Amino acid sequence: MQRRQFHLLAVSAAALGLVPAAARAADAYPSRPVRLVVGFPPGGSADINARLVGQQLAKELGGTLVIENKGGAGGNLAAMDIKRSPADGYNLFYGTSAVVLAPSLYSKPGFDPYTDFIPVSLTATIPLLLVASPQLPARTVAELVNYGKENPGKLNYASSGAGALLHLGGALFTDAMGIKAEHVAYKGSAPAVADLLAGNVQFMLLPINEAMPHVRAGSIRPLAITSDRRSPLVPDVPTMQEATGRKDMEMGAWQGLMAPRGTPPDVIAKLASALQATLADQDLRRKLAEQGSTVLGGTAKQYADYMKQEGARWSKVVQDTGTRLD
């Protein structure tokens, strides 16, 4: 009886407007579809994971979440879109490593990754595979490096776009290995892979979830993986550290959930709680693992600190390799 009385009083208080408006808004959130913007085309590594995470996140929030792909300028267009969108919790950004590359690559990227967004939590990271065209007479990293040194001017490497992680990772690799290779930028990884299959380019770095269908088909040759340990998807493929002896070749296409600056704290808290539950879901973790992804998670501060570390790291690569875009 007492419990029922308390419930009725709580309902009456809310009806009379005694509960703060922000609390009522957070309780009601989401009351309409939430837009999750991905800065790359459908079918890419970020899009694949955004859809997996987004589907489970919608369940945890008890609402509808719509993925919107807004490719272009290495993810910058999506970042600028979210920066300009209402900070109401209904416009979210599936941020990737590209967001911290922009300040080093462009004098005016159109946003500041550290002040224009609120980091909610990291979601996952995807290791990259160094893959080669079967037409290239190299079956190991050492053979690729030797080929490059013995045949100057004959190597090209592809990427999903100028300034993308795949570009900078390739620049870091060629610089570290002391080989000359021409960078060929494409509008997305799909056309890059098409030219790799055709032998028009000789090698590239590719997220493992995009590479595996071609690896399984035998149409591209995996040489090394950029994670700190071997992947169960390709257990015979060595890590870059094993293949080169260098520790600075570890990298991944990491991702996380972000919101525009000014989004209400109560909404951010609800998103963080729902995302934590999302990343703990065993079925989602299995699906991500099947794609070669590693779940990250963590707090907003850990996400912010991680972004700063990655930003500093890749800023040095941009400077050392001269890959600035303007």
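For clarity, every value in this text was computed on a predicted model and none was experimentally measured. (Residues numbered from 1 in each chain as written. Predicted model: local features only at pLDDT ≥ 70, side-chain atom pairs only at ≥ 80, totals over all residues. Heavy atoms only, no water.)

1. Description of the overall build of the protein
Our working definition: Strands here are runs of E lasting at least two residues and helices are runs of H or I lasting at least four, both read from the DSSP assignment and numbered beginning at the N terminus. With the radius of gyration taken over C-alpha atoms, the globule rule is written as 2.2 Å times the number of residues to the power 0.38. Per-residue accessibility, obtained with a 1.4 Å probe over protein chains only, is compared with the maximum for each type, and a residue is labelled buried under 20%, exposed over 50%, and partly exposed between these values. The contact definition used throughout considers only heavy atoms, calling two residues in contact when any of these lie within 4.5 Å. Positive residues here are Lys and Arg, negative ones are Asp and Glu, while His and the chain termini are left out of the count. Where a charge lies is defined by one atom per residue type: Lys uses NZ, Arg uses CZ, Asp uses CG and Glu uses CD.
Secondary structure summary: the protein contains 13 helices and ten strands in total. For the protein, the C-alpha radius of gyration of 22 Å lies close to 20 Å, the compact-globule estimate for 326 residues. For the protein, the spread of C-alpha atoms along the three principal axes comes to 85 × 40 × 30 Å. Across the 326 residues of the protein, 49% fall into the buried class. For the protein, restricting intrachain contacts to residue pairs at least 6 apart in sequence, the fraction spanning at least 24 positions comes to 78%. Of the charged side chains in the protein, 32 are positive and 27 negative, and the gap between their average positions amounts to 3 Å.

2. Thoughts on unusual backbone geometry
In this structure, Pro-30 follows Tyr-29 across a cis peptide bond, with omega equal to -5°. Within the secondary structure layout, Pro-30 lies in the loop between helix 2 (21-28) and strand 1 (34-38). Even without glycine at this site, Ala-73 takes up a positive phi of about 55°. If you trace the backbone, Ala-73 turns up in the loop between strand 2 (65-69) and helix 4 (76-84). A relative accessible area of 41% places Ala-73 in the partly exposed class.

3. Concerning the pattern of salt bridges
What counts here: One speaks of a salt bridge when a side-chain nitrogen belonging to Lys or Arg is within 4 Å of a carboxyl oxygen belonging to Asp or Glu.
Under the defined criterion, the tally for this structure stands at 15 salt bridges. Arg-51 is paired through a salt bridge with Asp-47; the nearest N and O atoms lie 2.9 Å apart. With Arg-51 and Asp-47 both in helix 3 (residues 45-61) and four residues apart, the pair spans about one turn of that helix. Assessed through its relative accessible area of 38%, Arg-51 is described here as partly exposed. Its salt-bridge partner being Arg-246, residue Asp-248 comes within 2.8 Å of it at the nearest N-O pair.

4. Digging into the side chain of Arg-221
Counted only if it meets this: Whenever a nitrogen or oxygen atom comes within 3.5 Å of another N or O atom, the pair is scored as a polar contact, on the condition that within protein one atom can donate a hydrogen and the other can accept it, and that pairs from neighbouring residues in sequence are kept only if both atoms are in side chains.
Inspection of the secondary structure puts Arg-221 in strand 8 (residues 221-225). Although Arg-221 is buried, it forms no salt bridge, and the closest oppositely charged side chain is Glu-143 at an N-O distance of 6.7 Å. One polar contact links the side chain of Arg-221 to the main-chain carbonyl oxygen of Pro-134, over a distance of 3.4 Å. A distance of 2.9 Å separates a polar side-chain atom of Arg-221 from the backbone oxygen of Ala-138. Ignoring anything within four residues of it in the chain, the contact list for Arg-221 reads Leu-130, Val-131, Ala-132, Ser-133, Pro-134, Leu-136, Ala-138 and Arg-139.

5. Description of the pairing of strand 1
Just so we agree on the cut-off: Pairs of strands are assigned from DSSP output, requiring at least two bridges between the strands. Seen with its strands pointing away from the viewer, a crossover is right-handed if its path from the first strand over the helix to the second goes clockwise.
Among the five residues in strand 1, five count as buried, and that is most of the element. Residues Val-34, Leu-36 and Val-38 point to one face of strand 1 and Arg-35 and Val-37 to the other, with burial holding for every one of them. Of the strand pairs in this sheet, strand 1 and strand 2 are connected by five bridges, and their pairing is parallel. Bridged to Val-34 within strand 2 is Leu-65. Running through helix 3, the crossover from strand 1 to the neighbouring parallel element strand 2 is right-handed. Relative to strand 3 (residues 91-96), strand 1 runs parallel, the two sharing four bridges. Opposite Val-38, over in strand 3, you have Tyr-94 as the bridge partner.

6. Here we look at the packing of helix 5 (residues 98-105) against helix 13 (residues 300-321)
Worth spelling out the cut-off: As a rule, the C-alpha atoms of each element are fitted with a line to give its axis, helices using only the stretch in contact, and angles between N-to-C directions run from 0 to 180 degrees. Here the word oblique covers every angle except those under 35 degrees (roughly parallel), over 145 (roughly antiparallel) and from 65 to 115 (roughly perpendicular). Handedness of a helix crossing follows the sense of rotation of the near helix relative to the far helix, less than a right angle counterclockwise being left-handed and clockwise being right-handed. Under the convention adopted here, Pro, Cys and the residues Ala, Val, Leu, Ile, Met, Phe, Trp and Tyr are nonpolar, Asp, Glu, Lys and Arg are charged, and Gly plus all remaining residues are polar.
In contact at an axis separation of 9 Å, helix 5 and helix 13 are set at 40° when each is read in the N-to-C sense. The angle between helix 5 and helix 13 places the two elements in the oblique class. Considering the relative orientation of helix 5 and helix 13, their crossing is right-handed. Residues Val-99, Val-100, Leu-101, Ser-104 and Leu-105 of helix 5 pack against Met-307, Glu-310, Gly-311, Trp-314, Ser-315 and Val-318 of helix 13. Tallied by class, the residues present in the contact of helix 5 with helix 13 amount to seven nonpolar, three polar and one charged.

7. Structural notes on the environment of Leu-233
In this fold, Leu-233 is placed in the loop between strand 8 and helix 10 (240-244). Residue Leu-233 is classed as partly exposed on the basis of its relative accessible area of 24%. Expressed as a C-alpha distance, the spacing of Leu-233 and Tyr-114, which sit 119 residues apart in the sequence, is 34 Å. When neighbours within four sequence positions are excluded, Leu-233 is seen to be in contact with Ile-208, Met-212, Arg-216, Ala-289, Glu-290, Gln-291 and Gly-292.

8. Here's the deal with the nonpolar core
Counted only if it meets this: By nonpolar core we mean a set of buried residues, namely Ala, Val, Leu, Ile, Met, Phe, Trp, Tyr and Cys, connected to one another through side-chain atoms within 4.5 Å.
Ranked by internal contacts, the top residues of the largest apolar core, which has 68 residues, are Leu-129, Leu-130, Leu-144, Phe-173 and Met-204. The element best represented in this core is strand 4 (residues 117-132), accounting for eight residues. In this view, Met-204 contacts Leu-129, Leu-130, Val-131, Ala-158, Ser-159, Leu-166, Ala-192, Val-193 and Leu-196; residues no more than four positions away in its chain are not counted. One finds Tyr-29, Ala-259, Ala-274 and Leu-284 within the second-largest nonpolar core, a separate group that totals 28 residues.

9. Regarding helix 5
Within helix 5, seven of the eight residues are buried, leaving the element largely enclosed by the surrounding structure. Of all the residues in helix 5, the buried ones are Ala-98, Val-99, Val-100, Leu-101, Ala-102, Ser-104 and Leu-105.

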